[in-house]
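Analysis of the macromolecular model
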Amino acid sequence: MSELRKRVGSWDGIIILLALAVLVAASLTVDNFGTSRNFTFLVLDLMPIILVALPMTFIIITGEIDLSVASTLGLTSALMGFLWNHDLAIQTIMPLCVLIGAALGAVNGFLVTGLGLPSLAVTIGTLALYRGLAFVVLGDSAVADFPFNFTGWATGTIGNGPIPNVLIPLIILAIIFGVILHATPIGRSLYAIGANAQAAHFSGIRVGRTKFWLYVASGAVSGLAGVLWTLRYSSARADNGAGLELAVVAAVLLGGVSIFGGKGTLPGVLAGVVLLASLQNALRLEDVSGQAVNIVTGALLVLSVLLPNIATSIRVNWQRRKLRLAAAQ
């Protein structure tokens, strides 16, 4: 029971409860939010955020960040359209785009771990670079004549129910990432790197190599997100996914992952994604403008950094006060 109270009282436990509360409240108060059709659209909206948030969680836990994920998605989408226009088979294009995404992630990894550059500066630079390359590849045009059996699968559901097909690979990937983070030595090494990279190095953890492969994984998953995004909307565009990095970082931090590294859980991140996407979905159903939705996202990003630090400060001060009172007695 005490362990349960501890879990519920933790930041990720609070976010899980808050996400459930928002789902229930929106279902009761927002027209069409609780319908099976909207559930399908909500899961499809969640899909790219959850996908990209999985490796992003690992990266932020190690004390780094990757802001180029949305531009990687956009570039792989543009390449998908370019290659399709040049008569390459779609079965070849899709894995090739994932590999290209991995290569883009490897560039980030090399600059951060090989040259020792700060990840924030590097990925802001590649955010602009990759998005610019996407427009060089495809320009302002869109490619929309992809095979229906692929686009239909990306937007379709299992049987005649409301569960989208994409939810199955999404669940599989979430389980794989969750097991790696919370049940393997690799996961423990990520927390150690985030807590103290130098101490982790002296304890035998290959810090640079680990971070490098995290960026490769982030690029590959962003490439996969680009493929699925393109198939869902049946449109390859250079501006696909623009601004997605804000939603991903907001969801990860909202889920309890410390921006300074060393803390966080994947269930908390998934709850953060659900909370963020549910709020955005409910606001859109209420005809709230896109600018207002962005304001909500930005506000949640600020609060996700501010509130845990305030809570930690209050807890530390309370413990110090208890110690002083005990010493005085």
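Basis of the calculations
Every chain is numbered on its own, with residues counted from 1 as its sequence reads. At least 70 in pLDDT is required for a residue's local features to be given in this predicted model, at least 80 for side-chain atom pairs to be given and counted, and no such filter applies to totals for whole chains, interfaces and linings, which use all residues. Hydrogens and water are ignored here; the side-chain numbers use all heavy atoms of the structure. Starting at the N terminus, helices and strands are each numbered in turn, a helix being any DSSP run of H or I of at least four residues and a strand any DSSP run of E of at least two. With C-alpha atoms as the basis for the radius of gyration, the globule rule is written as 2.2 Å multiplied by the number of residues raised to the power 0.38. Relative accessibility decides the category of a residue: with a 1.4 Å probe and only protein chains considered, values under 20% of the type maximum give buried, values over 50% give exposed, and everything between is partly exposed. In this description, a line fitted to the C-alpha atoms serves as the axis of each element, helices being fitted only across the stretch in contact, and the angle between N-to-C directions of two axes falls anywhere from 0 to 180 degrees. Geometric relationships in this document are graded by angle, where less than 35 degrees denotes roughly parallel, more than 145 denotes roughly antiparallel, 65 to 115 denotes roughly perpendicular, and other angles denote oblique. Crossing chirality is assigned from the near helix's rotation relative to the far helix, an anticlockwise turn below a right angle marking it left-handed and a clockwise turn marking it right-handed. In this description, contact between two residues means that some pair of their heavy atoms is separated by no more than 4.5 Å. Polar here means any residue outside two lists: the nonpolar Ala, Val, Leu, Ile, Met, Phe, Trp, Tyr, Cys and Pro, and the charged Asp, Glu, Lys and Arg; Gly therefore counts as polar. For this analysis, a ring pair means two rings from Phe, Tyr or Trp (six-membered ring only for Trp) whose centres lie within 6.5 Å, classed as stacked if their planes differ by under 30 degrees, edge-to-face if by over 60, and tilted for the remaining angles. Buried Ala, Val, Leu, Ile, Met, Phe, Trp, Tyr and Cys residues that are joined via side-chain atoms within 4.5 Å together make up what is termed a nonpolar core. Whenever a carboxyl oxygen of Asp or Glu lies within 4 Å of a side-chain nitrogen of Lys or Arg, that contact is scored as a salt bridge. Residues are called lining when one of their atoms sits within 4 Å of a cavity or pocket point, these points coming from a 1 Å grid over the protein atoms alone, where a cavity is a set in which a 1.4 Å probe fits but cannot get out and a pocket is an open set with protein on both sides within 12 Å along at least five of seven lines. Grid points are joined across faces, edges and corners, and a volume is the space filled by probe spheres set on the points. Given the number of residues in a helix, its expected span is that number minus one, multiplied by 1.5 Å. Here a polar contact is taken to be a pair of N or O atoms separated by no more than 3.5 Å, where protein atoms must pair a possible hydrogen donor with a possible acceptor and residues adjacent in sequence count only if both atoms sit in side chains. Patch rule: a residue counts if its relative accessible area is over 30% and it has no salt bridge; like charges are joined within 9 Å, and nonpolar side chains (Val, Leu, Ile, Met, Phe, Trp, Tyr) within 5 Å. Each accessible area value is a Shrake-Rupley result obtained with a 1.4 Å probe; residue values ignore everything except the protein chains displayed when judging cover. Each C-beta atom gives one direction from the helix axis, and the arc is the one those directions make.

**So, the overall build of the protein chain**
- Scanning the protein chain from terminus to terminus reveals 14 helices and 0 strands.
- Starting at the N terminus, the α and β elements of the protein chain follow one another as α-α-α-α-α-α-α-α-α-α-α-α-α-α.
- Relative to a compact globule of 329 residues, whose C-alpha radius of gyration would be 20 Å, the protein chain shows 21 Å and is just as compact.
- Seen through its principal axes, the protein chain has C-alpha atoms that stretch 80 × 55 × 35 Å.

**Things to note about unusual backbone geometry**
- Phi is positive for Asp87, close to 65°, though the residue is something other than glycine.
- Judged by relative accessible area, which is 71%, Asp87 ranks as exposed.
- You will see that Ser234, though not glycine, has its phi angle at about 45°, which is positive.
- Here Ser234 shows up in the loop between helix H11 (207-233) and helix H12 (244-254).

**Structural notes on the packing of helix H2 (residues 11-29) against helix H13 (residues 266-285)**
- The interhelical angle for the contact between H2 and H13, taken along N-to-C directions, is 30°, at an axis separation of 8 Å. As summarised for this structure, H2 and H13 are arranged roughly parallel, according to the angle between their axes. For the element pair H2 and H13, the recorded crossing hand is left-handed. Contacts from Asp12, Ile15, Ile16, Leu18, Ala19, Val22, Leu23 and Ala26 of H2 reach H13 at Pro267, Gly268, Ala271, Gly272, Val274, Leu275, Ser278, Leu279 and Ala282.
- Of the residues assigned to the contact of H2 with H13, the class counts are 13 nonpolar, 3 polar and 1 charged.

**Details of the packing of aromatic side chains**
- Summed over the entire model, instances satisfying the criterion amount to 4 aromatic pairs.
- Residues Trp229 and Tyr233 carry aromatic rings whose centres are separated by 5.5 Å and whose planes lie at 50° to one another, so their mutual orientation is tilted. Placement of both Trp229 and Tyr233 in helix H11 is noted, with a separation of 4 residues, approximately one turn of the helix.
- Overall, Tyr233 belongs to the partly exposed group, its relative accessible area being 42%.

**Regarding the nonpolar core**
- Counting residues in each nonpolar core, the largest one holds 62 residues, and the members touching the most others are Met56, Leu244, Val248 and Val252.
- Within the residue set of this core, elements represented by two or more residues are H2, helix H3 (36-61), helix H4 (69-85), helix H8 (167-183), H11, H12, H13 and helix H14 (290-328).
- Each residue touching Val248, except ones within four places of it in the same chain, is listed here: Ile49, Val52, Ala53 and Met56.

**Concerning the pattern of salt bridges**
- In this structure the tally under the stated criterion is 3 salt bridges.
- The salt bridge partner of Asp45 is Arg232, with a shortest N-O separation of 3.0 Å. Within this pair, whereas Asp45 is found in helix H3, its partner Arg232 is found in helix H11, the two being separated by 187 residues in sequence.
- By relative accessible area, which is 15% here, Arg232 ends up buried.

**Digging into the layout of surface pockets**
- The space that makes up the second largest pocket amounts to roughly 490 Å³.
- In terms of lining residues, the second largest pocket is bounded by 23 residues, among which Trp229, Leu244, Ala247, Gln280 and Arg284 are the most central.
- If one sorts the elements of the lining of the second largest pocket by residue count, H3 sits on top with 6 residues.
- Across the lining of the second largest pocket, the residue classes break down as 13 nonpolar, 7 polar and 3 charged.

**So, H13**
- Helix length check: H13 (20 residues) gives 28 Å between terminal C-alpha atoms against 28 Å at 1.5 Å per residue, within 8%.
- One side-chain oxygen at the N-terminal end of H13 lies 3.2 Å from the backbone nitrogen of Gly268; it belongs to Thr265.
- Downstream of H13 by a residue or two, Asp287 has a phi angle that is positive, lying close to 60°.

**Brief notes about a nonpolar patch on the surface**
- On the surface, Phe39, Ile158, Ile163, Ile168, Ile172 and Ile176 cluster together into a nonpolar patch covering about 490 Å² of accessible area.
- Position of Ile168 among the secondary structure elements: in helix H8.

**Side note on the side chain of Thr72**
- Considering the arrangement of structural elements, one finds Thr72 in helix H4.
- Judged by relative accessible area, Thr72 falls into the buried class, the value being 3%.
- If we ignore the near neighbours within four places in the chain, the residues touching Thr72 are Gly101, Leu104, Tyr130, Gly219, Ser222 and Gly223.

**Considerations on the side chain of Asn240**
- For Asn240, the location among the structural elements is in the loop between H11 and H12.
- Excluding residues that lie within four positions of it along the chain, Asn240 makes contacts with Ala70, Leu73, Gly74, Ser77, Arg131, Trp229, Thr230 and Ser235.

**Quick look at H8**
- With 17 residues, H8 should reach 24 Å at 1.5 Å per residue; the first-to-last C-alpha distance of 23 Å fits that figure.
- Those residues of H8 lying buried are Leu167, Leu170, Ala174, Phe177, Gly178 and Leu181. Down the axis, H8 shows its buried residues gathered within 105° of arc, on one side only.
- Check the buried side of H8 and you find it contacts H3, helix H9 (185-195), H11 and H13.

Shape descriptors only; they carry no functional weight alone.
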